[in-house]
Amino acid sequence: MKNIVVVGGGAGGLELVTKLGKRFRRSKDVNVMLIDRNSAHLWKPLLHEVATGSLDSGIDELNYRFQGYRRTFEFQQGTLAGVNRETKELVLAPIEDASGNEVLPQRTVPYDILVLAIGSVTNDFGTKGVADHCFFLDERKQAEKFHQRMLNDCLKLNSELQTDPKATLEIAIVGAGATGVELSAELHNAAKELSAYGLRELTNKQLHVSLVEAGPRILPALPERISESAAKGLRDLDVAIYTETQVVEATAEGLKTKDGNMIPARLKVWAAGIKGPEFLSNIEGLESTPRNQLVVTPTLKTTNDDDIYALGDCCSCPLPDGGFVPPRAQSAHQMASLVYRNICRELKGKPLKDYVYRDYGSFVSLSKYTAVGKIYSASGKKIMLEGPMARMVYVSLYRMHQLAIYGWFNMIAIVISSRIQRILKPRLKLH
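All values derive from a computational prediction rather than experimental measurement.

A.B. asks: Before we go on, may I ask you to explain the overall build of the protein chain in this structure?
C.D. replies: Secondary structure summary: the protein chain contains 11 helices and 26 strands in total. Against the 2.2 N^0.38 benchmark of 22 Å for 431 residues, the protein chain shows a C-alpha radius of gyration of 22 Å, consistent with a compact globule. By its C-alpha atoms, the protein chain is 70 × 55 × 45 Å across when sized along the principal axes. A buried classification covers 50% of the 431 residues belonging to the protein chain. Partitioning the contacts of the protein chain with sequence separation of at least 6, the portion at a separation of at least 24 is 63%. Averaging the positions of the 54 positive and the 48 negative side-chain charges in the protein chain gives two centres separated by 8 Å.

Okay, here's the thing in structure tokens:
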């Protein structure tokens, strides 16, 4: 019996284990298992919508046990605590309830082929005060925590405005990549919706959103034209954009910058970079980068263990022309497809294929207002899009992920269901 174990149920990990479960559902020689510390999956690029309430995570999340039942793979909930490469076993940390009572003890899980798809966490670069005063959007619980705080602060502001018309709520976001830009726009949409649902005093004018970027422009990974278009869209929403501004400390009052200024903020979000989880920096001698990403070969196997693959944000995969594969959902999707093919080839004794990154384009949503981005034609020509067409392409990226894990019929049913939910439920999660 070959034990294939995938650790991490993010975009790449869940797509991979879904394919493997379907492929080996009738095999008595292959067992497929998914391990994740959470019980359900939510597409990470949607976390900014969970944070503002534009998306109800309870509706869009997918339970791993249910998916395992449908796609014939085993699921174990747990946090990876260690890897024993000699005995080929994983160590899972004990699971405790909210009161600290042990639910499950420490366990070991055997593997023959291991795939690490653990994802990434926010990199605060050791900046003073960030861990104590800023929100991160690495997982659903963090996004929901921000949402509750935002609702409370907006409720408080609405009350203050009845006696002080000049009262405001300052929110600062550090990092003007896709997450920072999209969150900035969604916050203004949230304020508008809250006003419609009873917070009559609250308008976009009382919501002061600041977007802080250390580089010369927002969306530095995208072409300058797209960056300029997104910046214009944000300014139209009265978002204050600070470029070439380095934050050196976060306090309860706001953000201190390198030039000595203070950006006031009651709510602060740090979205200024990513790194692999800390335990990957020294996990059983596997080669890793200073940002805790596992170094992989072109076949996506780790450099010093032929039985371990790594994919997605937790791996460092070099590009032929220099640089590294960018940490995007499309990268994880492509890597999952290759690892699936390579595992199938490995079990048949065939040579493995190398990973070739294909950039199909990038899009950034400015809430329901618009979207901007680029796609590549079949000939490789870059096409810039913005407005309704760009918004349609942006949504289609999520539909592709749903297609990979649900299949055509269920994906269409989910799309129809989501349309019905828009009619039956408020446009913003209000609790």
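A.B. asks: Whenever I open this one, the side chain of H401 confuses me. Can you help?
C.D. replies: Mapped onto the secondary structure, H401 falls in helix α10 (residues 388–406). When its relative accessible area of 4% is taken as the criterion, H401 is described as buried. If near-sequence neighbours (up to four positions away) are discounted, H401 is found in contact with A11, E15, H41 and W43.

A.B. asks: Looking at this model, I keep getting lost on the pattern of salt bridges. Mind explaining?
C.D. replies: Once their charged atoms are close, side chains differing in charge can pair, the charge on each being opposite to the other. Evaluation of the coordinates by the stated rule reveals 14 salt bridges. Of the charged contacts, one joins E249 and K128 as a salt bridge, the two residues approaching to 3.9 Å between their closest N and O atoms. Of this pair, E249 sits in strand β16 (residues 247–250) while K128 sits in the loop between β12 (121–122) and α5 (130–133); the two residues are 121 residues apart in sequence, bridging distant segments of the chain. A cluster of three or more residues bridged by salt bridges with shared partners is formed by E61, R140 and E144.

A.B. asks: Before we go on, may I ask you to explain α10 in this structure?
C.D. replies: Given 3.6 residues per turn, any residue in an α-helix points the same way as the ones three and four places further on. With 19 residues, α10 should cover 27 Å at 1.5 Å per step; its first-to-last C-alpha distance of 26 Å lies within 8% of that length. Burial in α10 covers these residues: A390, V393, Y394, Y398, H401, Q402, I405 and Y406. Phi turns positive, to about 90°, at G407, one or two residues after α10.

A.B. asks: So what exactly am I meant to see when it comes to the pairing of strand β14 (residues 207–212) here?
C.D. replies: A regular strand carries its side chains on alternate faces of the sheet. For β14, the buried fraction is high: 5 of the 6 residues fall into the buried class. Pairing analysis gives 6 bridges linking strand β13 (residues 169–174) to β14, with the strands arranged parallel. Counted as the bridge partner of A172 is S210 from β14. Crossover connection from β13 via helix α7 (residues 178–196) to parallel β14: handedness right-handed.

A.B. asks: Help me understand a nonpolar patch on the surface in this model?
C.D. replies: Together, W408, I412, I416, I420, I423 and L424 give the surface a local cluster of nonpolar side chains, amounting to about 700 Å² of exposed area. By the secondary structure assignment, I420 is in helix α11 (residues 408–424). Among the residues examined, I420 registers a relative accessible area of 42% and is labelled partly exposed.

A.B. asks: What's the story with the sheet that holds strand β24 (residues 361–366) in this structure? I'm lost.
C.D. replies: Strand order in the open sheet made by the 3 strands is β24-β25-β26, with antiparallel pairing throughout. Since the sheet does not close on itself, it has two edges, and those belong to β24 and β26 (382–386), each with one partner. Direction aside, the axes of adjacent strands within the sheet are offset by 5° on average. In this fold helix α8 (residues 224–236) packs onto β24, β25 (370–376) and β26, with an angle of close to 170° to the strand it touches most, β25.

A.B. asks: Sorry, what's going on with the environment of L55 here?
C.D. replies: The topology assignment puts L55 in the loop between α2 (47–52) and α3 (57–60). C-alpha of L55 to C-alpha of V364: the two residues are 309 residues apart in sequence and 17 Å apart in space. For L55, the contacting residues outside a window of four places in its chain are L42, L46, E49, V50 and D60.

A.B. asks: How should I be thinking about the packing of aromatic side chains in this particular structure?
C.D. replies: Geometrically, a pair of aromatic rings is defined through the distance of the ring centres and the angle of the planes. Applying the stated criterion across every chain, the model contains 3 aromatic pairs. An angle of 20° between the planes, with centres 5.1 Å apart, marks the rings of W43 and Y398 as stacked. Of this pair, W43 sits in the loop between β3 (40–41) and α2 while Y398 sits in helix α10, and the two are 355 residues apart along the sequence. Y398 matches W43 in its accessibility class, with the two residues each being buried. With centroids separated by 5.2 Å and ring planes inclined at 35°, the aromatic side chains of Y64 and F75 adopt a geometry described as tilted.

A.B. asks: Help me understand the nonpolar core in this model?
C.D. replies: As a rule of thumb, soluble globular proteins bury nonpolar side chains together. Ranked by size, the top nonpolar core spans 54 residues in total, and within it V5, L16, L20, L90, L114 and L300 carry the most contacts. Ranked by residues supplied to this core, first place goes to helix α9 (residues 329–347) with 7 residues. Discounting chain neighbours no more than four positions away, the residues touching L16 are V6, V115, L311, A336, V339 and Y340. Of all hydrophobic cores here, the second largest spans 51 residues; its members include A11, L47, A185 and L219.

A.B. asks: Can you help me understand the side chain of D138 in this one?
C.D. replies: Residue placement: D138 occurs in the loop between α5 and α6 (140–161). No salt bridge is formed by the buried D138, whose closest oppositely charged neighbour, K44, lies at an N-O distance of 4.4 Å. Side-chain polar atoms of D138 contact the side chain of T122, separated by 2.7 Å. Excluding anything up to four places from it in sequence, D138 contacts K44, L47, S120, V121 and T122.

Each value, and the rule that gives it
- Residues numbered from 1 in each chain as written.
- Predicted model: local features only at pLDDT ≥ 70, side-chain atom pairs only at ≥ 80, totals over all residues.
- Heavy atoms only, no water.
- Helix = DSSP H or I, 4+ residues; strand = E, 2+ residues; numbered from the N terminus.
- Rg over C-alpha atoms; globule rule 2.2 N^0.38 Å.
- Buried < 20%, exposed > 50% of the residue type's maximum accessible area, 1.4 Å probe, protein only.
- Contact = heavy atoms within 4.5 Å.
- Lys, Arg positive; Asp, Glu negative; His and termini not counted.
- Charge placed at Lys NZ, Arg CZ, Asp CG, Glu CD.
- Salt bridge = Lys/Arg side-chain N within 4 Å of Asp/Glu carboxyl O.
- Expected span 1.5 Å × (residues − 1).
- Pairing = 2+ DSSP bridges.
- Right-handed = clockwise from strand over helix to strand, strands pointing away.
- Patch = residues over 30% accessible without salt bridge, like charges linked within 9 Å, V, L, I, M, F, W, Y side chains within 5 Å.
- Areas by Shrake-Rupley, 256 points an atom, 1.4 Å probe, with all protein chains shown as cover.
- Axes fitted to C-alpha atoms, helices over the stretch in contact; angles between N-to-C directions.
- Phe/Tyr/Trp six-rings, centres within 6.5 Å; stacked < 30°, edge-to-face > 60°.
- Core = buried A, V, L, I, M, F, W, Y, C linked by side-chain atoms within 4.5 Å.
- Polar contact = N/O pair within 3.5 Å; in protein donor to acceptor, adjacent residues only side chain to side chain.

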